[in-house]
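Chain by chain, the residues run as shown.
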Number of protein chains: 2
Amino acid sequence: MSAVDVPRQWRSALPHLDEPLPPDRTPLSSPDDSGVSVSLPMELVRQSVQPREHWPIPAEVVDAYRAFRPTPLWRATRFEQAVGARVPVYVKYEGGNISGSHKLNTALAQAYYYRRAGVRELVTGTGAGQWGTALAAACALFGLKCTVFMVGSSLRRKPYRGTLMRTLGAHVHASPSSLTEVAQRPETSGNSLSLAIGEAVEYAAHTDGAAFCIGSGETYSILHQSVIGIEASEQLDELGVRADAVVGCVGAGSNFGGLALPFFADARTAGHEPPLLLAAESSATPKLTCGTYAYDRTDATGTGPLEAMYTIGSSYPIPDSHAAGLRFHGAAKILSAMRGRDLIAAAAVGQVEALEAGRLFTRTEMVLPAPESSHALAAAARLAAGTEDGTGRLHAEHGVLVCASGHGYLDLGAYQQLMDGELADEAADPYELLRAVSGLDRVDRPAAIGGRS
Amino acid sequence: MSAVDVPRQWRSALPHLDEPLPPDRTPLSSPDDSGVSVSLPMELVRQSVQPREHWPIPAEVVDAYRAFRPTPLWRATRFEQAVGARVPVYVKYEGGNISGSHKLNTALAQAYYYRRAGVRELVTGTGAGQWGTALAAACALFGLKCTVFMVGSSLRRKPYRGTLMRTLGAHVHASPSSLTEVAQRPETSGNSLSLAIGEAVEYAAHTDGAAFCIGSGETYSILHQSVIGIEASEQLDELGVRADAVVGCVGAGSNFGGLALPFFADARTAGHEPPLLLAAESSATPKLTCGTYAYDRTDATGTGPLEAMYTIGSSYPIPDSHAAGLRFHGAAKILSAMRGRDLIAAAAVGQVEALEAGRLFTRTEMVLPAPESSHALAAAARLAAGTEDGTGRLHAEHGVLVCASGHGYLDLGAYQQLMDGELADEAADPYELLRAVSGLDRVDRPAAIGGRS
């Protein structure tokens, strides 16, 4: 019996940053030249730029949230024992809804706003498939058509992700597909999320009544995810405990941002020191630990604006891995700005360590985490056990709060490979890292403030 | 915000039956002759025979339940619209835990009692894999070794069920295996749950410190499942509504019994007419609609006792189907006794109708039901729409409560076949039905009371 209810307001961290996010830049080939028009509902534009802290959640979205929120938070005592934790570990679990992840939090909000704007079809790209599933579910609920381009290698590895989206009524295409021009270009890499997104952008631009939408990384989607952190904060209060470290995995950053930023806003409002905010990324896409803060594009088409982000370069050849949701070259604008100011910390985790943590978590806590979420659990385990960092800079005294962002029922192939001893880590290639960012314009100002560039 | 808490007591319907269940009979080859010894913890024996209504749930089991209970109950308004319902449909969803089904409710209780009795390893047979997964999770929690024999055709169709059990630390064998004598006998059918159970019985009997246990159909496991109905009753009260029909799918009968029997006990205690209790079975295994009430064995070894059950015969060649959890030849003793007295009704549902209902439920309610659960949803849809029964005997005036007993994330192959138009119904073969029950001893007394034989 908990008194915690579904939040009625989202909470933004924008008013608590010292200055606005660096504005986007128009790329050399502008959107207008390419015939691609972006039709973002005005409310989503406002949520991306206005330094307003509290945003009312539309009643229809609150109603939809009630089907799966509040999500559970518990102290993972058996996991603590198994990893030798010195401090409590609290888990916030977002995998209990049909999409299997936190992505439904923003999918429902976006479907609501796009429908209100008169859109009849939403088109998107998806890597691991959680976002596509979430959008398919949200479109089914709000009566919109849904078209999904899913990274082909991921779809072939997890065909039932496609089945689930189709069961929800969505049209699913393996990317690269034969439906778009961008997929036929020789220079676009064959199997990345940025190409799937590029295909979706192009397809939406040429389809009547359709709009492209995106699941992660946009400032508004991180705002929608703030329900995670708002609930978690109330649930910790209800337990009478506190966490001085908050951990989430980062693809572009929406579950981490959704969990962590309300704690940041809360501390800034109260004039306290914020907790350690630790972003757990894949060692195969180490944008926050090895990347550069620079203007880069968000997808392979190059038609969208250039954004200021920590990036390993949009042309970096990301190795295949089981954590498909982390296979993205850049971090969200707002997280990148905070990283540039040393307001968030980062740790890179390999997939073997991650899945071992996930297996341990399954056996001890009776929840099967997605490979992506297992990266956060591994980082939380390091932190709780005091083994994260030789410098002592990363530590927790009171407790670690970690987001288990999704379930792994459609990722069991990864666990099977782990148990068969067939899993290896794919470390980033230093030469390729250097090459892929070499032409990018760096963002200067945070370097002057925070000493990082 | 709900005030409904995890139940502290299970509730038995035994005191509300007019007479005790027919006692088991010793088969021609007795357990002692075969060297098989059954070591059932005394508390489980008591729960099977004592006509006591309320049983305290051990504190450790209540604690374990808290990880996933209370489970959600909601009015499925969008599903109602889609099926043309004339009365409300309330759904109780048991698929949110790691086992993906209600089976964890009894697995935790059994692991607790067996461990207290000094057992170090639990051995079982599983069809669809939900029970094996539940037992694997419960054994991980209570520190027991776990060995599972899974129906081979089911394991090959859903290899990730095996992976999930192994991730939880269990040892998983495809049945028929090379580990037991019973699997080598020419007369045992190749791919049935009763053979998997027979293998588990034999394996446990020859393994030190091990005990065989079973997930469904035993009177004590139905008692453990009563948490479903107890919670549902409180949740309906909290909503200020009532259901005059209660529907669940029946393999052996534990989720249906767990949901329905507390409503029966409640009505008998209050002196009211009980709601319509409707068992939804697979048309491929129609024991309650086309079977015979007779003494039959529960598994292919024939070494356990003969039980009084509605059965299509333990030698009936059950056709392959996606609802592997419903592929069992008999119904639980307590449900069979109630069926013999016309206290429960039954409807047979084909897998095509079931999966269509499941797909509709997925799109409207954002929950992906298991194929087994979809049989209950299809029967509930018939009842709510008034299309179940031409006679008017089966109907609901106020509302239909249905148990969605499990999720379908590991059954997406079935939905894919449905969408590809490759799914057909497997109706029972009348000649085989007659043959398989022809040698059985019928149970007489309920026939004298209820007019059914």
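Keep in mind it's a predicted model, so treat the numbers as computed, not measured.

## A few points about the side chain of A:Q225
All names here are of chain A. Structurally, the position occupied by Q225 is in the loop between α10 (219-224) and α11 (226-239). For Q225, a relative accessible area of 0% corresponds to the buried category. At a separation of 2.9 Å, a polar atom in the side chain of Q225 contacts the side chain of N105. Contact partners of Q225, with chain neighbours within four places excluded, come to H102, K103, N105, T106, S254, G258 and L259.

## Observations concerning the sheet that holds strand β6 (residues 145-151) of chain B
Residue and element names in this part refer to chain B. Spatially, β7-β6-β5-β8 is the arrangement adopted by the four strands of the open sheet, whose pairing is parallel. For this open sheet the edge positions go to β7 (171-175) and β8 (210-212), each flanked by a neighbour on one side alone. Each strand axis lies, on average, 20° off the axis of its neighbour in the sheet, ignoring direction. Here helix α6 (residues 130-142) sits on the sheet in contact with β5 (121-126) and β6, set at roughly 165° to β5.

## Some remarks on the domain arrangement of chain A
All names here are of chain A. Each assigned domain of chain A is listed here: domain 1 (66-99 + 220-434) and domain 2 (104-215). The gap between the C-alpha centroids of domain 1 and domain 2 is 24 Å. Taken residue by residue, the interface counts 30 residues in domain 1 and 34 residues in domain 2. Interface of domain 1 and domain 2: buried area, both sides summed, is about 2400 Å²; carbon and sulfur atoms make up 57% of it. Linking domain 1 to domain 2 there are one salt bridge. Here D411 and K158 are joined by a salt bridge, their closest N and O atoms 2.7 Å apart. At the junction of domain 1 and domain 2, the tally comes to six residue pairs in polar contact (both at pLDDT 80 or more). When contributions to the side of domain 1 that touches domain 2 are tallied by element, the ones reaching two or more residues are α10 and α11. Here the element with the most residues in the side of domain 1 that touches domain 2 is α10; it accounts for three residues. Here the residues of the side of domain 1 that touches domain 2 sort into 10 nonpolar, 13 polar and seven charged.

## As for the nonpolar core
Counting residues in hydrophobic clusters, the biggest one holds 136 residues, and the most contacted among them are A:W10, A:L108, A:L122, B:W10, B:L108 and B:L122. Apart from the residues lying within four places of it in its own chain, the contact partners of A:L122 are A:A111, A:Y114, A:L135, A:C139, A:L144, A:K145, A:C146, A:T147, A:A211 and A:C213.

## A word on the environment of B:A137
With respect to the helices and strands, B:A137 occurs in helix α6. A relative accessible area of 0% places B:A137 in the buried class. In this structure, B:A137 is in contact with A:M366, B:I98, B:L104 and B:L168, ignoring residues within four places of it in sequence.

## A short note on the interface of chain A and chain B
On the chain B side, the residues contacting the 39 residues of chain A number 39 residues. Between chain A and chain B, the buried area comes to about 3200 Å², and carbon and sulfur atoms account for 69% of it. In this assembly, chain A and chain B are joined by zero salt bridges. At the junction of chain A and chain B, the tally comes to 10 residue pairs in polar contact (both at pLDDT 80 or more). Of all elements in the fold, only α5 (104-116), α6 (130-142), α8 (159-167), α15 (351-365) and α17 (412-419) of chain A reach the threshold of two or more residues within the side of chain A that touches chain B. Per-class residue counts for the side of chain A that touches chain B are 22 nonpolar, 12 polar and five charged.

## Remarks on helix α15 (residues 351-365) of chain B
Residue and element names in this part refer to chain B. Under the 1.5 Å per step criterion, the end-to-end length of α15 is 20 Å for 15 residues, consistent within 8% with the ideal 21 Å. Here α15 has its buried residues at Q351, A354, L355, A357, G358, F361, T362, T364 and E365. Two residues or fewer past α15, M366 is found with a positive phi of approximately 60°.

## As for the relation of the copies chain A and chain B
With an RMSD of 0.0 Å, the fit of chain A onto chain B corresponds to turning through 180° and sliding 0.0 Å along the axis. Overall, the copies show the geometry of a two-fold rotation axis. In this assembly the copies share their binding face: 100% of the residues contributing to the interface of chain A also contribute to that of chain B.

About the criteria used
Residues numbered from 1 in each chain as written. Chains lettered and ligands numbered in written order. Predicted model: local features only at pLDDT ≥ 70, side-chain atom pairs only at ≥ 80, totals over all residues. Heavy atoms only, no water. Helix = DSSP H or I, 4+ residues; strand = E, 2+ residues; numbered from the N terminus. Buried < 20%, exposed > 50% of the residue type's maximum accessible area, 1.4 Å probe, protein only. Polar contact = N/O pair within 3.5 Å; in protein donor to acceptor, adjacent residues only side chain to side chain. Contact = heavy atoms within 4.5 Å. Pairing = 2+ DSSP bridges. Axes fitted to C-alpha atoms, helices over the stretch in contact; angles between N-to-C directions. Domains from an automatic or database assignment. Buried area = accessible area lost by both parts, 1.4 Å probe. Salt bridge = Lys/Arg side-chain N within 4 Å of Asp/Glu carboxyl O. Nonpolar A, V, L, I, M, F, W, Y, C, P; charged D, E, K, R; others polar. Core = buried A, V, L, I, M, F, W, Y, C linked by side-chain atoms within 4.5 Å. Expected span 1.5 Å × (residues − 1). Least-squares fit on C-alpha atoms with pLDDT ≥ 70 in both.

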